[in-house]
Amino acid sequence: MPSWLTILCALLAVHLFALEALAERAKRAGETILYRAPLGLRIILGTALISMVYGARAVALSKELKRDWWVSALLLGLAIFCASQWPADLGVSKAGVYEKKWLGLRKKAFLWKDIASATVAPDEDSVWVVARSGTTIKHTKYHVDRAGFIAQMKTYCRWLEPGRAL
């Protein structure tokens, strides 16, 4: 396959994931509304993550480990990269908003009284929620239901129109 075709397919996949995020709606789990990555992106990243860890294990257990150790290290590095690119799960409830990154290993939570403002950042194509401490939670174009997230932010916290300073 020509290299330009590979690049075109990758760019098309990125745009399809963004379109899928526009079409998918947020899920309700009890009192919390979950804004996650679209299903297609979760399937691709999850499959890649599992495959790379399995491949690294297979190489590490092979008889050729002394010669091919770098393949195992490369696959583990790529698995960590896939985990880092996984969009955070965002949750909105009556108490506040939270973000879970790195497959649940890192979590930020803000109570509504601790949020300074929320706004759309057109240069990053994302919605920023800024706490009084300066830390942020971002709803990117790879999260589902942007309109629902913006409606929640306008309901619970101070909303700034684009172009105003945070």
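Fair warning: this is a prediction, and the values are worked out from it, not measured in the lab.

Conventions and cut-offs
- Residues numbered from 1 in each chain as written.
- Predicted model: local features only at pLDDT ≥ 70, side-chain atom pairs only at ≥ 80, totals over all residues.
- Heavy atoms only, no water.
- Helix = DSSP H or I, 4+ residues; strand = E, 2+ residues; numbered from the N terminus.
- Rg over C-alpha atoms; globule rule 2.2 N^0.38 Å.
- Buried < 20%, exposed > 50% of the residue type's maximum accessible area, 1.4 Å probe, protein only.
- Areas by Shrake-Rupley, 256 points an atom, 1.4 Å probe, with all protein chains shown as cover.
- Lys, Arg positive; Asp, Glu negative; His and termini not counted.
- Charge placed at Lys NZ, Arg CZ, Asp CG, Glu CD.
- Pairing = 2+ DSSP bridges.
- Axes fitted to C-alpha atoms, helices over the stretch in contact; angles between N-to-C directions.
- Core = buried A, V, L, I, M, F, W, Y, C linked by side-chain atoms within 4.5 Å.
- Contact = heavy atoms within 4.5 Å.
- 1 Å grid on protein atoms, 1.4 Å probe; cavity = no way out; pocket = protein on both sides within 12 Å on 5 of 7 lines; lining within 4 Å.
- Points joined across faces, edges and corners; volume = space filled by probe spheres on them.
- Nonpolar A, V, L, I, M, F, W, Y, C, P; charged D, E, K, R; others polar.
- Phe/Tyr/Trp six-rings, centres within 6.5 Å; stacked < 30°, edge-to-face > 60°.
- Lys NZ or Arg CZ within 6 Å of the ring centre and 35° of its normal.

1. Digging into the overall build of the protein chain
A count of helical and extended segments in the protein chain gives four helices and nine strands. Going from N to C terminus, the protein chain has its helices and strands arranged as α-β-β-α-α-β-β-β-β-β-β-α-β. Here the protein chain has a C-alpha radius of gyration of 19 Å; the compact-globule value for 166 residues is 15 Å, and the former is much larger. Across its three principal axes, the protein chain shows a C-alpha extent of roughly 60 × 35 × 30 Å. The proportion of buried residues among the 166 residues of the protein chain is 37%. Roughly 10400 Å² of accessible area belongs to the protein chain as shown, and the carbon and sulfur atoms make up 65% of that amount. Charge centroids of the protein chain, computed over 23 positive and 13 negative side chains, lie 4 Å from each other.

2. Remarks on the sheet that holds strand E5 (residues 106-111)
What the five strands build is an open sheet, ordered E1-E2-E3-E4-E5; its pairing is antiparallel. A single partner strand is all that each edge strand has here, and the edge strands are strand E1 (27-29) and E5. Strand after strand, the sheet turns through a mean of 20° between neighbouring axes, direction not considered. When strand E2 (residues 32-35) meets strand E3 (residues 89-92), the two strands line up antiparallel, connected through three bridges. The partner of Tyr35 across the bridge, within E3, is Leu90.

3. A word on the nonpolar core
Of all hydrophobic cores here, the largest spans 18 residues; its most connected members are Val97, Val129, Phe149 and Met153. Listed by contribution, the elements that provide at least two residues to this core are E2, E3, strand E6 (115-121), strand E7 (126-131) and helix H4 (146-156). Those residues in contact with Val129 that lie beyond four places of it in its chain are Val97, Phe110, Ile115, Ser117, Ala118, Thr135, Thr136, Ile137, Phe149 and Met153.

4. Considerations on the layout of surface pockets
Approximately 500 Å³ is the volume found for the largest pocket. Lining the largest pocket are 21 residues; nearest its centre among them are Ser84, Gln85, Trp86, Pro87 and Tyr142. At the level of elements, helix H1 (3-23), helix H2 (39-60), helix H3 (65-85), strand E4 (96-101) and strand E8 (136-139) are the ones that each hand at least two residues to the lining of the largest pocket. Each residue belonging to the lining of the largest pocket can be placed in one class, and the counts come to twelve nonpolar, five polar and four charged.

5. Let's talk about the pairing of E8
Both faces of the sheet carry side chains from a regular strand, because those side chains alternate between them. When E7 meets E8, the two strands line up antiparallel, connected through four bridges. Following the sheet pairing, Trp128 is matched in E8 by Lys138. Between E7 and E8, which pair antiparallel and follow one another directly, the connecting turn spans four residues, one of which, Gly134, has a positive phi of 100°.

6. Focus on the packing of aromatic side chains
Tallying each qualifying case throughout the model produces two aromatic pairs. With 4.8 Å between their ring centres and 15° between their planes, Trp112 and Tyr156 make a pair best called stacked. Linking Trp112 in the loop between E5 and E6 with Tyr156 in helix H4, this pair joins segments that are 44 residues apart in sequence. For Tyr156, a relative accessible area of 31% gives the class partly exposed. Lying over the aromatic face of Tyr98, Lys107 brings its terminal NZ or CZ to 4.6 Å of the ring centre.

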